[in-house]
Amino acid sequence: MLALARSATVAPPGWSRWLVPPAALAIHLAIGQAYAWSVFKPPLESSLGLSGTASALPFQLAIVMLGLSAAFGGTLVERRGPRWAMLVSTLCFCSGFLIAALGAATRQYWLVVLGYGFIGGIGLGIGYISPVSTLIKWFPDRPGMATGIAIMGFGGGALIASPWSSGLLDALGTDAAGIARTFLVMGLAYAVFMSLGVLLVRVPADDWRPPGATPAGTAAGALVTTAQVSARSALRTPQFWCLWVVLCMNVTAGIGILEKAAPMIADFFADTSTPVSAAAAAGFVGMLSLANMLGRFAWSTLSDLAGRKNIYRLYLGVGALLYLVLALTGDASKPLFVACAVVILSFYGGGFATAPAYLKDLFGTYQVGAIHGRLLTAWSTAGVLGPLIVNAIADAQHAAGRSGPDLYSTSFFIMIGLLVIGFVANELIRPVHPRHHEPAEPRRQEDREEGAAL
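Calculation notes
Residues numbered from 1 in each chain as written. Predicted model: local features only at pLDDT ≥ 70, side-chain atom pairs only at ≥ 80, totals over all residues. Heavy atoms only, no water. Helix = DSSP H or I, 4+ residues; strand = E, 2+ residues; numbered from the N terminus. Rg over C-alpha atoms; globule rule 2.2 N^0.38 Å. Buried < 20%, exposed > 50% of the residue type's maximum accessible area, 1.4 Å probe, protein only. Contact = heavy atoms within 4.5 Å. Lys, Arg positive; Asp, Glu negative; His and termini not counted. Charge placed at Lys NZ, Arg CZ, Asp CG, Glu CD. Axes fitted to C-alpha atoms, helices over the stretch in contact; angles between N-to-C directions. Parallel < 35°, antiparallel > 145°, perpendicular 65-115°, else oblique. Left-handed = near helix turned anticlockwise from the far one by under 90°. Nonpolar A, V, L, I, M, F, W, Y, C, P; charged D, E, K, R; others polar. Patch = residues over 30% accessible without salt bridge, like charges linked within 9 Å, V, L, I, M, F, W, Y side chains within 5 Å. Areas by Shrake-Rupley, 256 points an atom, 1.4 Å probe, with all protein chains shown as cover. Salt bridge = Lys/Arg side-chain N within 4 Å of Asp/Glu carboxyl O. Phe/Tyr/Trp six-rings, centres within 6.5 Å; stacked < 30°, edge-to-face > 60°. Core = buried A, V, L, I, M, F, W, Y, C linked by side-chain atoms within 4.5 Å. Polar contact = N/O pair within 3.5 Å; in protein donor to acceptor, adjacent residues only side chain to side chain. Disulfide = S-S within 2.5 Å. pLDDT = per-residue confidence, 0-100.

In terms of regular secondary structure, the protein chain is built from 19 helices and zero strands. Its C-alpha atoms give the protein chain a radius of gyration of 21 Å, within 12% of the compact-globule value 22 Å for 454 residues. For the protein chain, the spread of C-alpha atoms along the three principal axes comes to 65 × 45 × 35 Å. The buried share of the protein chain, reckoned over its 454 residues, is 59%. A fraction of 85% describes how many contacts in the protein chain between residues 6 or more apart in sequence connect residues 24 or more apart. Side chains of the protein chain carry 28 positive and 22 negative charges; the gap between the two charge centres is 6 Å.

Structure (C-alpha cells):
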C-alpha cells in the first residue's frame, strides 16, 4: 500500500512533466469507451428484446455513478494521490466489464446494468478526476491545455472502442454469447492498458515550479483569481452553481446525440435513397468521438488565450444555432447533418476540458480536484436527461408511426432551449467574493494535518 501513497509518487528532480499526460491518457482512453456504448445497443436490443430506452440504461447509470463517485471521492483522491485513484479506477472499470459479460452470457440484463453501469461507473468517476488536479499542478502556466490533453483521451476512447467493439462483435457474434465474449476481451485488455498509467504517474514536489512559467488566462481578466477557495466554500458561491448549470446544459445537449449516435443516423436517413449501413453508423460514432477528442484539446487550449467565459459563449451560442439547422433541414443533406453533429460534439468535449481550468480561474488550485468532482454531478444529471429526452421521444414517435427526422426534431428543439439556459448562466458568472477566500496560514496548517494523517 505504501507504493500507492501520494508521498511515494513525488517526482525526483529533473523528472519531465511531459510524462504525466501519457499516464493520464492511459486511463482516459480506456474509460472513454463509455462513449461507444451505442455500438452495443442494437445487438442488445435484438438478442435480449430490449427497447431503445432500456438498452441505454447501463450507459445512463454509468454516467450517474461517474458524477456521484467523482463528487464523493474528489477529496479522497486529492489526499491519497493519483496512483491510488488510477488503481481503484482500473479495478472497478475492468471488473464491471467482467460482470457485464456474465450478465450477457446468462441473459440476466440486470447484471449488465450492475457491472457496466454501477461498478464500471464508479471506475469512470474516480478515473476521470484522478489526473486533473495533478496536471494543473504540473502545468500552472497552461491549465486549459493540460486538462485538454488528458480529458481529450476520454473523448477519444470511443475512437478506439467503436471500431474495436464492432470488429469483436462481428468476429464473436452479435447474440448474447458473442456480446459476453466481447465484454470479457475488452475488460482484460483494458486492465493491462490502464495499469501502465498507474505505474507511470507522478506528482510534483511542493516547491516545484516550471522554469519561467507565467500563469495563463490573462484574457479572462478579473475572473482569474490568485486567491484560494476550499471545496466546502465553493459550494456556497453562486459561481459554482452557475457553472454547474452551464456544464449540465452543454452536456445534456451533446450526450443525447452521442449515446444514440449509431441508431440515430440510421433512423434519420432510413427513408432516403441512401440509407446508412451498420458499418457506416459505427464509422459515424468514431467520427463523433474524434470530434469529441480534438475539441477537448483544441477548444480548451484556445481558452487559455480567449478566456473561459468567451469560449463557453461559443459552445452554447453556436451550439444552439447548429441544433436549429439540424431541426429545420431534416434529412435533406447527409453531409450537413454529419458536419453539424461533429461541431456540436467538439463543443461538448471542449466544455468538459475547459471546466477544470474555469474552476481554477475562479477558485484557485487549493482543492480544484475536489471542486471538480462535485461539479461533475452536473454530468450525472445530464447523463440521465440527455438520453432520456432523445430515447423517450424517439420511442413515442416510433409508436405513433413516425420515422426519419420526425423521431428527433422535438428533441433538437428541447436541446436548443437548454443551451440558451446555459448561455444565460454563463453570462451571470462573476469573480468570487473575497469572503470565500481561504486565509493562507490555516490552509497550510490543514495541509500539514492531512499529510500527518496519511
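Here the narrative resumes, following the displayed structure.
Here we come to the packing of helix α11 (residues 238-259) against helix α18 (residues 409-427). The relative placement of two packed helices is expressed as an angle between their axes plus a distance between the axes. Here α11 crosses α18 at 155°, and the two axes come no closer than 8 Å. With respect to α18, the axis of α11 lies roughly antiparallel. Regarding α11 and α18, the two cross each other, and that crossing is left-handed. Residue-level inspection shows C242, V245, V246, M249, N250, T252 and A253 of α11 in contact with α18, the latter providing M415, L418, L419, I421, G422, A425 and N426. Of the residues in the contact of α11 with α18, the class split is ten nonpolar, four polar and no charged.

Residues L159, I160, L290 and L294 make up a contiguous nonpolar surface patch of about 310 Å² in total accessible area. For the nonpolar patch, the elements supplying multiple residues, two or more each, are α8 (143-172) and α13 (278-306). Tracing the chain through its elements places L159 in helix α8. The exposure class of L159 is partly exposed, given its relative accessible area of 30%.

On to the environment of R236. In this structure, R236 sits in the loop between α10 (231-234) and α11. For the pair formed by R236 and M287, sequence separation is 51 residues and the distance between their alpha carbons is 40 Å.

Before going further, it helps to spend a moment on unusual backbone geometry. Residue R107 is not a glycine yet carries a positive backbone phi of 60°. Tracing the backbone through its elements, the reader meets R107 in the loop between α5 (82-105) and α6 (109-129).

Our focus in this paragraph is the environment of A280. Relative to the assigned elements, A280 resides in helix α13. A sequence separation of 247 residues divides A280 from Q33, and the C-alpha atoms of the two residues are 19 Å apart.

Counted by the stated rule, this structure contains 32 aromatic pairs. Taken together, the ring pairs in this structure connect W37, F40, F93, F97, Y116, W164, F183 and Y190 into an aromatic cluster.

Let us look at the environment of A8. By the secondary structure assignment, A8 is in the segment before α1 (20-31). Looking at A8, the relative accessible area reads 39%, which means it is partly exposed. The spacing of A8 and A104 is 96 residues in sequence and 40 Å in space, taken between C-alpha atoms.

Mapped onto the elements of the fold, H28 is located in helix α1. Setting aside residues no more than four positions away along its own chain, H28 makes contact with G127, Y128, P131, A150, I151, G153 and F154.

Grouped together as the largest cluster of nonpolar side chains are 127 residues, with contacts concentrated most on F183, Y323 and W379. Counting residues per element, this core draws most heavily on helix α15 (residues 334-363), at 15 residues. When sequence neighbours within four positions are dropped, the list of residues in contact with F183 reads W37, F40, F97, A100, A101, A104 and V112. Within the second largest apolar cluster, eleven residues are counted, among which are W15, A24, W138 and A146.

In this structure, D361 sits in helix α15. For D361, a relative accessible area of 1% gives the class buried. At a separation of 2.7 Å, a polar atom in the side chain of D361 contacts the side chain of R308.

Here the focus is helix α12 (residues 261-268). Owing to its 3.6 residues per turn, the α-helix brings residues three or four apart onto one side. Among the eight residues that make up α12, six are buried, leaving the element largely enclosed by the rest of the structure. For α12, the set of buried residues is A261, A262, P263, M264, I265 and F268.

Moving on, we get to the state of the cysteines. Considering all chains together, one arrives at zero disulfides under this definition. Considering cysteine sulfurs only, C248 is the nearest to C242, which forms no disulfide, with 13 Å between them. Overall, the relative accessible area of 2% leaves C248 in the buried class.

A few words on the confidence of the model for the protein chain. Averaged over all residues, the pLDDT of the protein chain equals 86, while 92% of them reach at least 70. Note on residues 444-454: pLDDT under 50 across the span, and six contacts to partners over four residues away in sequence or across chains.

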